[in-house]
Amino acid sequence: MAGNRTFTMIKPDAVAAGNTGAITKMIEEAGFKIIAMKKTYMSKDRAGQFYEVHKERPFYNDLTTYMSSGPIIPMILEKENAVEDFRALIGATNPKEAAPGTIRALFAKSIEANAIHGSDSDDNAKIEGGFFFSHTEQF
Ligand code: IDP
Ligand code: MG
C-alpha cells in the first residue's frame, strides 16, 4: 500500500548548474524517501502536456521551451504529509519570495528557471508521477 506521496522534478537550470546532488541531499535530509528517480528529457510537446493547466498563461510558451532545454530529474517521494511538506521545502514560485533556506531560495535563477517542481495536491502527485513512471505503487 503506497504511503503519502508527492512528485518532484529537478528542472533543467539546476541540473545544468550541477546542483542535482545538493538538492537530492536536502530532500533526503528533510525525511523524504525516494521511491523512483531517473535522469531524462522532455520534448517541447511533452513539456506542453505536463503544463497543460497553464496553457492560457502568458508564460506557457517560454516555460515549455525552458523545460525542454536540457535534462531533468523526475522523482516520486514518500513522507507523511508529503505534498504540503514538500511545497514548504521548495519555497515560493518566485525565488525572490521564497523563504530563506528553501530549495528555490538557494538554487533558483528566476521565477521561470526556479530549480524544482512540486505537486500541488495528492491527485496531481499521482497524475504527474504516472507521467514519468509506471507501477511505482509496488515500491
Ligand atoms: P509552482 O511550480 O510553484 O507550482 P505554478 O504557478 O504552477 O508554480 O507555475 C508552474 C511553473 O511555471 C513555475 O514553477 C515556473 O517555472 C513557471 N512560472 C510560473 N509563473 C511564472 C511567471 O510569472 N513567469 C515565468 N514563469 C512562470
Ligand atoms: Mg504548480
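The coordinates are above.
Residues numbered from 1 in each chain as written. Chains lettered and ligands numbered in written order. Predicted model: local features only at pLDDT ≥ 70, side-chain atom pairs only at ≥ 80, totals over all residues. Heavy atoms only, no water.

1. A short note on the environment of Thr24
What counts, and what does not: A helix here means a DSSP run of H or I that spans at least four residues, while a strand means a run of E at least two residues long, and both kinds are numbered starting from the N terminus. Residue exposure (1.4 Å probe, protein chains only): buried if accessible area is under 20% of the type maximum, exposed if over 50%, otherwise partly exposed. The criterion used for residue contact is that any of the two residues' heavy atoms lie within 4.5 Å. Here a polar contact is recorded for every N or O atom pair within 3.5 Å, except that within protein the pair must consist of a potential hydrogen donor and a potential acceptor, and residues adjacent in sequence are included only if both atoms are side-chain atoms.
By secondary structure assignment, the location of Thr24 is in helix α2 (residues 20–29). Overall, Thr24 belongs to the buried group, its relative accessible area being 12%. Between the C-alpha atoms of Thr24 and Met75, which are 51 residues apart in sequence, the distance is 9.8 Å. In contact with Thr24, other than residues within four places in its own chain, are Ile10, Ile34 and Met75. Here the side chain of Thr24 touches Thr20 through a polar contact of 2.7 Å, landing on its backbone oxygen.

2. Some points on the environment of Tyr41
Its place among the elements puts Tyr41 in the loop between β2 (33–37) and α3 (44–50). For the pair formed by Tyr41 and Ile73, sequence separation is 32 residues and the distance between their alpha carbons is 8.3 Å. When sequence neighbours within four positions are dropped, the list of residues in contact with Tyr41 reads Ser68, Gly70, Pro71 and Ile72. Within the local environment of Tyr41, its side chain forms a polar contact with the backbone oxygen of Ser68, the two atoms lying 2.9 Å apart.

3. Regarding the layout of surface pockets
Note the following rule: Points on a 1 Å grid, built from protein atoms alone, make a cavity when a 1.4 Å probe fits but cannot get out and make a pocket when they are open with protein on both sides within 12 Å along at least 5 of 7 lines; residues with an atom within 4 Å of a point are the lining residues. Grid points are joined across faces, edges and corners, and a volume is the space filled by probe spheres set on the points. Residue polarity follows a fixed list, in which Ala, Val, Leu, Ile, Met, Phe, Trp, Tyr, Cys and Pro are nonpolar, Asp, Glu, Lys and Arg are charged, and the others, Gly among them, are polar.
Within this model, the largest pocket holds a volume of roughly 650 Å³. Along the wall of the largest pocket there are 24 residues; nearest its centre are Phe50, Tyr51, Val53, His54 and His117. Among the elements of the structure, α3, β4 (116–118) and α7 (122–132) are those that each provide at least two residues to the lining of the largest pocket. Among the elements that line the lining of the largest pocket, the one with the most residues is α7, at four residues. Classifying every residue of the lining of the largest pocket by side-chain character gives eight nonpolar, eight polar and eight charged.

4. Concerning unusual backbone geometry
The phi dihedral of Ala115 is positive, around 75 degrees, even though this residue is not glycine. Among the structural elements, Ala115 can be located in the loop between α6 (103–107) and β4. A residue is classified by how much of its surface remains accessible, and Ala115, at 0% relative accessible area, is buried. Phi is positive for His135, close to 65 degrees, though the residue is something other than glycine. With respect to the secondary-structure elements, His135 resides in the segment after α7.

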